[in-house]
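Per-entry structural report
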Amino acid sequence: MSDHDPLYISVPHEHETDNPFLQGPFKAQRNELDATHDELTITGEVPKDLFGMYVRNTHNQAQAPLGIYHPFDGDGMLHAIRFEDGKVEYRNRFVRTTGFLAEQGAKKSLWPGLLQPGDYQRRGWGSMGVMKDNAGTDINAHAGHLIASMSQGSEPWALSPDTLETHGAHEWGRLVPDGLSSHYKVDHETGDMIFFNYPEKFPHMHYGVISKANKLVHYVPIELPGARWPHDMGMTKNYSILHDLPYFFDPKLLKQGTRKLEFHRDMPSRFGIIPRFGRSEDIRWFETKPCWVMHLTNCYEDGDWVIQDGCIWDNPVKPPVGDNTNVFAKIRRQLDKHATHTHMYRWMFNLRTGETREFSLDDEVTEFPVVSSDYNGIKYRYSYNSLFVPNEWLMAGVKKYDLATGNSARFEYGEGRFGSESCIARAVGASAEDDGYLINFVTDVGQDRSECLILRADDIAAGPVCTIVLPERISVGTHACWVEGDRLEGENRNASELAGIAYGDSFRTVGIDSINTPEAAIDFAATEQ
């Protein structure tokens, strides 16, 4: 089946189902579309110094689900908008994974969802080995391809940044049988892509590096005490940070084939710092208070310290696996960021002394933090986090943190309007970290339409400088990426091309010496609490 063959879609229309995650803002899109600049309705001017593409992944179910549909079960669908010289073009495509193609052939769902893994009748993918590889969680670009994946571990699905055509799984995927988990990171200076996976079987985690030439150059086992349920990893210039968190399946029940996620409040969290090309025996493990971490903002080195910023979950809520009573309310409760009290947090690990420090950077509920990808792995100043509707799995706006001054700004989408993960697109010739644009797809349920919003990254409170109406209303989605125009064909940058990025200047505006950053940052954060 090619991208040009007709699609078979059997997912119920929203009036045909009582599942709220197939209705309203989650209504599945049934069409694959292309639109040129002249075919799109545009308010304002598309910035001429915006060059690259914004791509968002979406769990967009194609077939009528088997059993209870969870919003993480849907097939991957990419929505992309490309910018160059003040012009735009839009397109969307399903990610044609092996599971997607099998279900197209069968004209029905063949795998159960996240909440009923015990109902599987054929081998699957992911850390549990029983799920369809929907490739609907993450999206990033590396070595001239887009790469889509499922959080539990996918084959590394490669797609064309020009057409969104699925080229198939990268060849190096054959050497990684436990798959590519979401939140692989790309180092723009070296072109390296780092990744991990977390199979239920021993050693319970692997860690690897793909070179700028798209070759697997490092892949090692990481021995953990048991099966774990991590979601993200960190990257600095010289190290990676792996997560061993006390949120995992009950070990005794897992041996019996029953998967029951529990938050073990009496166990510390562990963060393992490994040299980029290190092995399991090279890891330095640091213990912190019990927590779960869904998404990191950024990580960097500062002298002897490794800094990890992200959104901590103080109160993880287990999904209702195997529980059919009030199941949709329980899904909402599991995904409600206000219930889990998810907020900005900092962990600090001293590689010389072994000391750990940790503290909140803010108390407001936010998640899906992003930075300019030019600053991945190095000192940075600004984080852009999504705001959430209480009691819902819906993004209501964006909050910008200035970690140097403690100031913040925000932009909210408005009633009945729900967004995606934002991305920061630095302007061509940018002179500052936030010299550029914040881009997001927003779905307006009341007006039955979706838009691409473009805001100045240095003044998000002013609202959009340009709004582009998409050809159809699209389902809300989560993860997105910005692919810089000079990376569309591959990792062709070098250190001289990154000369405009100021390494290590995050705290200069408040007179904090980089040598004393840890203490000064702690004192500053404490003042703000």
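Our structure's up above, just so we're on the same page.
Below you will find a few notes about this structure. Remember, it's a predicted structure, so these values are computed and weren't measured experimentally. (Residues numbered from 1 in each chain as written. Predicted model: local features only at pLDDT ≥ 70, side-chain atom pairs only at ≥ 80, totals over all residues. Heavy atoms only, no water.)

**Some points on the overall build of the chain**
Going by this rule: Each helix is a run of DSSP H or I of at least 4 residues and each strand a run of E of at least 2, with the numbering of both proceeding from the N terminus. Atoms considered for the radius of gyration are the C-alpha atoms alone. The globule rule reads 2.2 Å times the number of residues to the power 0.38. Three exposure classes are used, based on accessible area relative to the maximum for each residue type with a 1.4 Å probe and protein chains only: buried under 20%, partly exposed in between, and exposed over 50%.
Helix and strand counts for the chain come out as five helices and 33 strands. The C-alpha radius of gyration computed for the chain amounts to 22 Å, which stays within 12% of the reference 24 Å derived for 529 residues, consistent with globular compactness. Expressed along its principal axes, the backbone C-alpha trace of the chain runs to roughly 60 × 60 × 45 Å. Buried residues in the chain amount to 63% of all 529 residues.

**Some details on the sheet that holds strand β9 (residues 166–169)**
Rules: Here, any two strands with at least 2 DSSP bridges between them count as paired. Axis lines are fitted to C-alpha atoms, over the contacting stretch for helices. Their N-to-C directions set the angle, which ranges from 0 to 180 degrees.
Read across the sheet, four strands follow the order β6-β7-β8-β9 without closing on themselves; strand pairing throughout is antiparallel. Strand pairing shows two members of the sheet lacking a second neighbour, β6 (138–142) and β9, which therefore form its edges. The average undirected angle you get between the axes of adjacent strands in this sheet is 30°. Pairing of strand β7 (residues 145–149) with strand β8 (residues 157–159), which is carried by three bridges, proceeds in the antiparallel orientation. Looking across to β8, one finds that I147 is bridged to A158.

**Some points on helix α3 (residues 327–335)**
Three or four residues apart is the spacing at which side chains of an α-helix point the same way, because the helix has 3.6 residues per turn. Our working definition: Working note: the arc is built from the helix axis to C-beta atom directions. Only heavy atoms enter the contact rule, under which two residues are in contact if any of them lie within 4.5 Å.
Among all positions of α3, only V327, I331, Q334 and L335 are buried. Across the axial projection of α3, the buried residues extend over an arc of 85°, all falling on one side. Check the buried side of α3 and you find it contacts β21 (305–313) and α4 (337–340).

**Some words on the side chain of E491**
On the secondary structure map, E491 appears in the loop between β33 (480–484) and α5 (517–528). On the basis of relative accessible area, E491 is assigned to the buried category, the value being 6%. Those residues in contact with E491 that lie beyond four places of it in its chain are A141, H142, A143, V186, G191 and K212.

**A few points about the packing of aromatic side chains**
Each aromatic ring pair is characterised by the separation of its centres together with the angle its planes make. As a reminder, the rule being used: Here a pair means two rings of Phe, Tyr or Trp (six-membered ring of Trp) with centres within 6.5 Å. Their orientation is stacked below 30 degrees between planes, edge-to-face above 60, and tilted elsewhere.
This model, assessed by the stated rule, comprises 21 aromatic pairs. Aromatic side chains Y198 and W229 sit 5.8 Å apart centroid to centroid with 80° between the ring planes, which places their arrangement in the edge-to-face category. Of this pair, Y198 sits in the loop between β11 (193–197) and β12 (206–210) while W229 is found in the loop between β13 (216–221) and β14 (234–235), placing the two residues 31 residues apart along the sequence. Y198 gets classed as buried once you look at its relative accessible area, which sits at 2%. When the ring of Y247 is compared with that of W292, the centres are 5.3 Å apart and the planes differ by 65°; the resulting orientation is edge-to-face.

**Observations regarding helix α1 (residues 98–106)**
Among the residues of α1, those classed as buried are G99, F100, E103 and Q104. End-on view of α1: buried residues confined to an arc of 140°, all on one side of the axis. On its buried face, α1 sits against β5 (87–94). Once α1 finishes, K107 follows within two positions and takes phi at roughly 60°, a positive value.

**Some words on the environment of G173**
Position of G173 relative to the elements: it lies in the loop between β9 and β10 (185–186). The buried category is assigned to G173, whose relative accessible area is 17%. In this structure the C-alpha to C-alpha distance between G173 and P156, which are 17 residues apart in sequence, comes to 6.0 Å.

**Some words on the pattern of salt bridges**
Worth spelling out the cut-off: What counts as a salt bridge is simple: a side-chain nitrogen of Lys or Arg found within 4 Å of a carboxyl oxygen of Asp or Glu.
Under the criterion given, the structure shown has 36 salt bridges. Salt-bridge contacts for K185 lead to D232; the nearest nitrogen and oxygen are separated by 2.9 Å. In this pair, K185 is assigned in strand β10 and D232 in the loop between β13 and β14, connecting sequence segments 47 residues apart. Judged by its relative accessible area of 17%, K185 is buried. Linked by salt bridges that have partners in common, D362, E364, K399, R410 and E412 make up one network.

**Quick look at the sheet that holds strand β25 (residues 382–388)**
Here we have four strands laid out as an open sheet, ordered β24-β25-β26-β27, and antiparallel in their pairing. Each having just a single partner strand, β24 (367–370) and β27 (408–412) make up the two edges of the open sheet. Each neighbouring strand pair of the sheet contributes to a mean axis angle of 20°, computed without reference to strand direction. Relative to strand β26 (residues 395–402), β25 is paired through seven bridges, and the arrangement is antiparallel.

The quantities given are spatial measurements derived from coordinates; they are silent on function.
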